[in-house]
Amino acid sequence: MAQSTIAAAFEVGYVRYLDETGKLLAPLPDDLQQPTPLVALYRALVRTRTFDAKAGALQRTGRLGTYASSLGQEAVSVGAASAMRPEDVLIPSFREHGAQLWRGASPTELFLYWGGDERGNSFANAPYDFPNCVPVGSHAPHAAGLALTMKLRKEPRAVVCIFGDGATSKGDVYEGMNFAGVWKLPVVFVVSNNQWAISVPLKQQTAAQTLAQKAIAAGIPGGQVDGNDVIAVRACAQAALARARNGDGPSVIEAVTYRLGDHTTADDASRYRADSEVSPHWQREPIRRLHQYLLAAGHWTKDDDDRLLREINAEIDLAAEAYLKTAPADPASVFDYTYAELPPDLLAQKLAALDELSAQTREAAE
Amino acid sequence: MSTFHLPDLGEGLQDAEIVAWHVAEGDHVVADEPLLAVETEKAVVEIPSPRSGYIKRLLGKPHERVKVGAPIVEFDDAPHADTGTVVGDLSVTRAAPALPAVAAVPRAAVRPSLRAEVSPAVRALARQRGVDLAAVVGTGPGGAISRADVERAVAAAQPAGEPVALRGMRRSMAVNMAKAHAEVVPATVWDEADVEPWWNEQTDVTGRLIRAVAAGCAAQPILNSWYDGKAMTLRTFAHIDLGVAVDLEGGLIVPVLRDVGNKPAAVVRGDLDKLKAAVRARSVPVADLLNPTMTLSNFGMIAGRQAALVVVPPQVAIVGTGKIARYAVPTSAGPAFRHKLPISITFDHRAVTGGEVSRFLKAMIDDLEKET
Amino acid sequence: MPETTMIQAINLALARAMSEDERVIVLGEDIGVDGGVFRATDGLFARFGPERVRDTPLAEAGIGGISIGLAAGGFKPVAEIQFTGFIYPLIDQIANHASRFRTRTRGRLLCPMVVRSPCGGGIHAPEHHSESPEAMFTNIPGLRVIVPSSPRRAYGLLLAAIRGSDPVVFMEPTRLYRGAREEMTDDGAALPVDRCFVLREGSDVTLVAWGAMVPEALATATEWDAKGVSAEVIDVATLKPLDAETIINSVKTTGRCIVVHEAPLTGGFGGEIAARVAEGAFTSLLAPVQRVAGYDTVMPLPRLEDIYLPNAARIGHAVERAMAYA
């Protein structure tokens, strides 16, 4: 038998502050000792879910395109975004509405995006944030590249890149983590592990025991957090961002959560996932547990609930109305952003397209 | 259960106000999923779904009060239609775009083409029809030349009138003249005879002409020959079988007077009259059209002075006589007026020389200038 | 006889291919338990089991590479790439490997794999779900590129693709999955994968199209028939290898050719067809060869999508321009 020593070993931690019932398991982080920031988090969670429900309702009535609900995953988005500074950059997948809303994207902008209008990616309040990334995981290397710009310019900024469990099977994701690790880039990869990649459950996605350990393969720290505990997610993200800004390199946070809704409004999860499996997860969902905590800690009353719900529903309803009132963009905009300057042959196409549109509108009226 | 009623909220509460719905009609929900938030005096309460299924109808709006036990949600028990996709809508049919009408857009200036626009097929057609595209006006898009434009050009190049196939004498003439042109190397000599001494309106000119041709042949027999261009042999005849061109409506006919050199003038004249009558009656025997050794064409009977006529092989000469006219002629006594007869002799220069023709001509002129 | 949709036809072809040849393996994301997000593989998991109907991890390049290994090792993989918007990682695997195995090894190793992927717009889908990248694949030697336009042709062409020994990219227009329906029988009859289909004979203009543009071309032909213009409609179906002869012969009769495709104009496959027509039917051309295609822009999001997609009206305007050349 050969002489054998341990070349490397790994362990992956799991972190939480609140359990499913909202009971505090460890002292709150310093900056959450006061109710105000906690309430802000709670408000953001409710706002995210209300937006989500409204988007679903609009889709069902034919007024929004296909929409990917974040039902049950709000704490991952809100937790990660709440740890970021305005000058940091968010590079999301397509289910981080809560992060986008926290960082200043208006609900109207998000309705526009999902309603099929490129102006929805304007992000007036977060001009450096990337728009949604649809080809799964292909944004991980972008995050590493953007983090590199910050390092080259010696800026105290960082990138937060969020993707799902399915994404961790993509080569792009490993390549992004590996670049970030070997070049020590200021990026935090957040794996929003909702256990499902459309119909493929996690155990069919990978043989790895955790997704956080894929970080260890890239030589960077990785840990798990209870993704339904917004306090925990926030704390982990803060720590990772501090590391990044200090020049200590990237991290991977695996936020363990659960996809309570369907993959999209066109999907019907009951085809591949028993409803009875889903129901118990409603006991673990993020809004309920923080609500319980706030009530128990005396920071929240029924009147607060009432006021918050009415306020947020009113805000979201108004945003939806504004979206519905927005006329489609000028057809010329299909062409105008293709190049820095419109080349002559593309200009000719644009004129032809507008002519064609006029002609068809006229002929349809006849 | 299809209809879900607002459950007992406890504490003797009779009703509650709907604060917000968390689900929409059409949504897929599971048991324990919160459907709506209602407000009682005590709290804002989340109402969980009693079952999994699909929401058919929400029976109440935000801010409405609902009684405990009143129906609030209808579930859809019908089998759920499979959308058959995870994005988009497979049932979209392509209607006309409902987009805002676009104002007219100014077009970039179009540089005019310097060449006529012609498609390959039209170019091929033009080549085939012999049409010069440079001269064609195009009526197609951008001035392009169409097939119809080419056909129009073809029609325009042709004179009006239906083409008629040649028959009979005209056909023969066409054939024979083409053949002559192909073989013979023609040259022509012109001169005039002073016929003042004997000519008047009633005189029989043809008789004198025939006598003069005989005189020419006597002086220069070589003009009364046949030339075989292939064998390059020359056959000079002793007798003169003279073809006399007769103009006839419908064409030209050349009956042949036999052996005019040896017959008296009156006989020749008689033969000629007989032939002319036969021609008019269209009953010239074929034999009388064959094998002239030489031809006389008195073309000037109507008009015309000189002519370069066509030598019909195997003959080597044709004598043409033009219209007799009165000319002013200088004499030692001052100008005089004399009637002249123009003579044109076209000969085949392969067989006959200019000198030979001149001598023939001189002999003709000498005979014609005799008083009788 | 009840009508079969294109997605049902594809499902039937896959089931038949799997039942007649045990080497056929179907793999892809969500194709097993869920039956495929478009239901192309519906029922196959229950019928043939998890060894032959394999839900894969989320990894398109991996799916491409694994298929190559399976194919070279004697199986016949039929891989589904969920949307052509996600097929681009496979260009490496297909261009550098799948399409070259036969020639590099002089026939010792083959790569009989089929990659199926939904393509095209018109279903109001989000970003990246309305792509038409077929032209990129036609430039790869050794690859067969097929785009069906009807249930029967999808059935017959897919069977031929699976039974053959060349690597195939088979792009299925999502708009036709349920939008195209016709009577057909599951008779196992394959269609040739090197031939265009003349769907409608005509003498004034040749309309050449594939995929979801074929119904648009047919609609145009019907509309213009009433105006006295006789249009011939050709479904290319197999873009590579291209049966240019059928198209050229048609243009020799009509003298006018219009190619229609959803993909952007520049570098689109319409250019190849136009070049072949210019080469083979030059002296017959009455009018310039036209292409009615997507613009050279990214496919707009649903609100502006209708501007982009060629439709019967736009094709009709091209017919008008062509017929102006008499």
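Not measured: the values here are computed from a predicted model.

Conventions we followed
Residues numbered from 1 in each chain as written. Chains lettered and ligands numbered in written order. Predicted model: local features only at pLDDT ≥ 70, side-chain atom pairs only at ≥ 80, totals over all residues. Heavy atoms only, no water. Helix = DSSP H or I, 4+ residues; strand = E, 2+ residues; numbered from the N terminus. Rg over C-alpha atoms; globule rule 2.2 N^0.38 Å. Buried < 20%, exposed > 50% of the residue type's maximum accessible area, 1.4 Å probe, protein only. Pairing = 2+ DSSP bridges. Axes fitted to C-alpha atoms, helices over the stretch in contact; angles between N-to-C directions. Phe/Tyr/Trp six-rings, centres within 6.5 Å; stacked < 30°, edge-to-face > 60°. Lys NZ or Arg CZ within 6 Å of the ring centre and 35° of its normal. Contact = heavy atoms within 4.5 Å. Buried area = accessible area lost by both parts, 1.4 Å probe. Salt bridge = Lys/Arg side-chain N within 4 Å of Asp/Glu carboxyl O. Patch = residues over 30% accessible without salt bridge, like charges linked within 9 Å, V, L, I, M, F, W, Y side chains within 5 Å. Areas by Shrake-Rupley, 256 points an atom, 1.4 Å probe, with all protein chains shown as cover. Polar contact = N/O pair within 3.5 Å; in protein donor to acceptor, adjacent residues only side chain to side chain. Lys, Arg positive; Asp, Glu negative; His and termini not counted. Arc of directions from axis to C-beta. Parallel < 35°, antiparallel > 145°, perpendicular 65-115°, else oblique. Left-handed = near helix turned anticlockwise from the far one by under 90°. Nonpolar A, V, L, I, M, F, W, Y, C, P; charged D, E, K, R; others polar. pLDDT = per-residue confidence, 0-100. Right-handed = clockwise from strand over helix to strand, strands pointing away.

> Any chance you could break down the overall build of chain C for me, citing the residues and the numbers?
For chain C, the helix and strand inventory stands at 13 helices and 14 strands. Taking 326 residues into account, the globule formula puts the C-alpha radius of gyration at 20 Å, and chain C, at 19 Å, falls close to it. For chain C, the C-alpha atoms occupy an extent of roughly 60 × 45 × 40 Å along the three principal directions. For chain C, with 326 residues in total, the buried portion stands at 65%.

> Requested: an account of the sheet that holds strand β10 (residues 205–209) of chain C, with residues and values cited.
All names here are of chain C. The sheet built from five strands is open, its strands ordered β9-β11-β10-β13-β14 with mixed pairing. Either end of the sheet is taken by a strand with one partner, and the two such strands are β9 (197–200) and β14 (290–294). Going across the sheet, the axis of each strand differs from the next one's by a mean of 25°, ignoring polarity. Two strands pair when backbone bridges link them, and β9 and strand β11 (residues 231–235) are joined in this way by three bridges, in the antiparallel orientation.

> Mind laying out the packing of aromatic side chains, listing which residues take part and the relevant values?
The relation between two aromatic rings is expressed through the spacing of the ring centres and the mutual angle of the planes. According to the stated counting rule, one finds 16 aromatic pairs over all chains in the structure shown. Between tyrosine 113 of chain A and tryptophan 114 of chain A, the ring centres sit 5.1 Å apart and the planes meet at 90°, which makes this aromatic pair edge-to-face. Judged on exposure class, the residue tyrosine 113 of chain A and its partner tryptophan 114 of chain A are both buried. With a centroid separation of 5.1 Å and an interplanar angle of 85°, the aromatic rings of tryptophan 226 of chain B and phenylalanine 237 of chain B are classed as edge-to-face. Taken as a pair, tryptophan 226 of chain B in strand β10 (residues 225–228) and phenylalanine 237 of chain B in the loop between β11 (233–236) and β12 (242–244) lie far apart in primary sequence, 11 residues in all. For the pair tryptophan 226 of chain B and phenylalanine 237 of chain B, one class covers both residues: buried. Its end group placed over the ring of tyrosine 128 of chain A, arginine 157 of chain A keeps NZ or CZ at 5.4 Å from the ring centre. Geometry around phenylalanine 197 of chain C places arginine 153 of chain C over its ring, the cationic atom sitting 5.8 Å from the centre.

> Report on the pairing of strand β4 (residues 34–39) of chain B, specifying residues and quantitative values.
Residue and element names in this part refer to chain B. Counting buried residues along β4, six of its six residues qualify, which places the element largely inside the surrounding structure. Bridge count between strand β2 (residues 15–21) and β4: four bridges; the pairing is antiparallel. Each bridged residue has a counterpart across the sheet, and for tryptophan 21 the counterpart in β4 is leucine 36. The turn linking β4 back onto strand β5 (residues 44–48) is made up of four residues.

> I'd like a description of the interface of chain A and chain B, backed by residues and values.
Listed as interface residues are 37 residues of chain A and, on the opposing side, 41 residues of chain B. Taking both partners together, chain A and chain B bury about 3100 Å²; carbon and sulfur atoms supply 56% of that area. At the boundary of chain A with chain B, the tally comes to five salt bridges. Within the residue set of the side of chain A that touches chain B, elements represented by two or more residues are α1 (35–60), α10 (275–278), α12 (302–325) and α14 (344–365) of chain A. Of all the elements, α14 of chain A adds the most residues to the side of chain A that touches chain B, at seven residues.

> I'd love a proper account of a nonpolar patch on the surface, names of residues and values included.
There is a patch of nonpolar side chains on the surface, built from Phe179, Val182 and Trp183 of chain A and spanning about 320 Å² of accessible area. Relative to the helices and strands, tryptophan 183 of chain A is located in the loop between α6 (171–182) and β4 (187–193).

> I'd like a rundown of the interface of chain C and chain A, residues and numbers included.
At the junction of the two partners, chain C supplies 34 residues and chain A supplies 45 residues. Roughly 3300 Å² is buried in total at the junction of chain C and chain A, and carbon and sulfur atoms are behind 57% of that figure. Between chain C and chain A we count four salt bridges in total. Between glutamate 60 of chain C and lysine 170 of chain A there is a salt bridge, with its nearest N and O atoms 3.2 Å apart. In this structure, the connection of chain C to chain A is made through 14 residue pairs in polar contact (both at pLDDT 80 or more).

> Requested: an account of the side chain of aspartate 52 of chain A, with residues and values cited.
Residues and elements named next belong to chain A. Looking at where aspartate 52 falls in the secondary structure, it is placed in helix α1. Despite being buried, aspartate 52 has no salt bridge partner; arginine 49 is the closest side chain of opposite charge, sitting 6.9 Å away. Engagement of the side chain of aspartate 52 in a polar contact is seen with the side chain of tyrosine 67, the distance being 2.6 Å. Setting aside residues up to four positions removed in sequence, aspartate 52 forms contacts with Tyr67, Ala68, Ser69, Ser70, Leu71 and His97.

> Can you break down helix α4 (residues 89–98) of chain C residue by residue, with the values?
All names here are of chain C. Burial in α4 covers these residues: Leu90, Ile94, Ala95 and Ala98. Buried positions in α4, seen along its axis, are confined to an arc of 125° and lie on one side of it. The secondary structure elements touched by the buried residues of α4 are α3 (60–72), α5 (101–104), β5 (114–119), α6 (134–138) and β7 (168–173).

> I'd like a description of the packing of α1 of chain A against helix α11 (residues 286–296) of chain A, backed by residues and values.
Residue and element names in this part refer to chain A. Where α1 meets α11, the closest approach of the two axes is 10 Å, and the angle between their N-to-C directions is 150°. Considering their axes alone, α1 and α11 lie roughly antiparallel with respect to each other. For α1 against α11, the interelement crossing comes out left-handed. Contact residues: α1 offers Leu38, Leu41, Tyr42, Leu45, Val46 and Arg49, while α11 offers Pro286, Ile287, Leu290, His291, Tyr293 and Leu294. A per-class count over the contact of α1 with α11 returns 10 nonpolar, one polar and one charged.

> Give me the lowdown on the confidence of the model for chain C, citing residues and values where you can.
When pLDDT is averaged along chain C, the result is 96, and 100% of the positions lie at 70 or above. The ipTM assigned to the predicted complex is 0.87, against a pTM of 0.76.

> Break down the packing of helix α4 (residues 107–114) of chain A against α12 of chain A for me, with residues and values.
Residue and element names in this part refer to chain A. Running from amino to carboxyl end, α4 crosses α12 at an angle of 50°, the nearest separation of the two axes being 8 Å. It follows from the interaxial angle that α4 and α12 lie oblique. The chirality of how α4 crosses α12 is right-handed. Contacts from Pro107, Thr108, Phe111 and Leu112 in α4 reach Glu315, Ile316, Ala319, Ala320, Ala322 and Tyr323 in α12. Here the residues of the contact of α4 with α12 are counted per class, giving eight nonpolar, one polar and one charged.

> Explain the pairing of β14 of chain C residue by residue, including any values.
Residues and elements named next belong to chain C. Judged by how many residues are buried, β14 sits mostly within the fold: four of five residues are covered. In the sheet, strand β13 (residues 257–264) pairs with β14 via five bridges, with the strands oriented parallel. Across the sheet, the residue bridging to proline 264 is glycine 294, located in β14. Regarding the hand of the β-α-β motif, the stretch spanning β13, helix α11 (residues 269–280) and β14 is right-handed.

> Now, about the sheet that holds β4 of chain A: what can you tell me, with residues and values included?
All names here are of chain A. The sheet built from six strands is open, its strands ordered β1-β7-β8-β4-β3-β2 with parallel pairing. With partners counted over all chains shown, the strands left at the sheet margins are β1 (14–15) and β2 (89–91), one partner each. Of the pairings in the sheet, the one linking strand β3 (residues 159–164) to β4 comprises six bridges and is parallel in character. If you follow valine 159 over to β4, its bridge partner there is valine 187.

> Run through the pattern of salt bridges, naming residues and quoting values.
Residues and elements named next belong to chain B. If you walk through the whole model with that rule in mind, you get 62 salt bridges over all chains. Arginine 258 is paired through a salt bridge with aspartate 241; the nearest N and O atoms lie 3.3 Å apart. Pair noted here: arginine 258 is in the loop between β15 (256–257) and α5 (265–280) and aspartate 241 is in the loop between β11 and β12, with a separation of 17 residues, a long-range link. The partly exposed category is assigned to arginine 258, whose relative accessible area is 28%. Overall, aspartate 241 belongs to the buried group, its relative accessible area being 8%. For aspartate 271, the salt bridge identified is with lysine 274, shortest N-O distance 3.9 Å.

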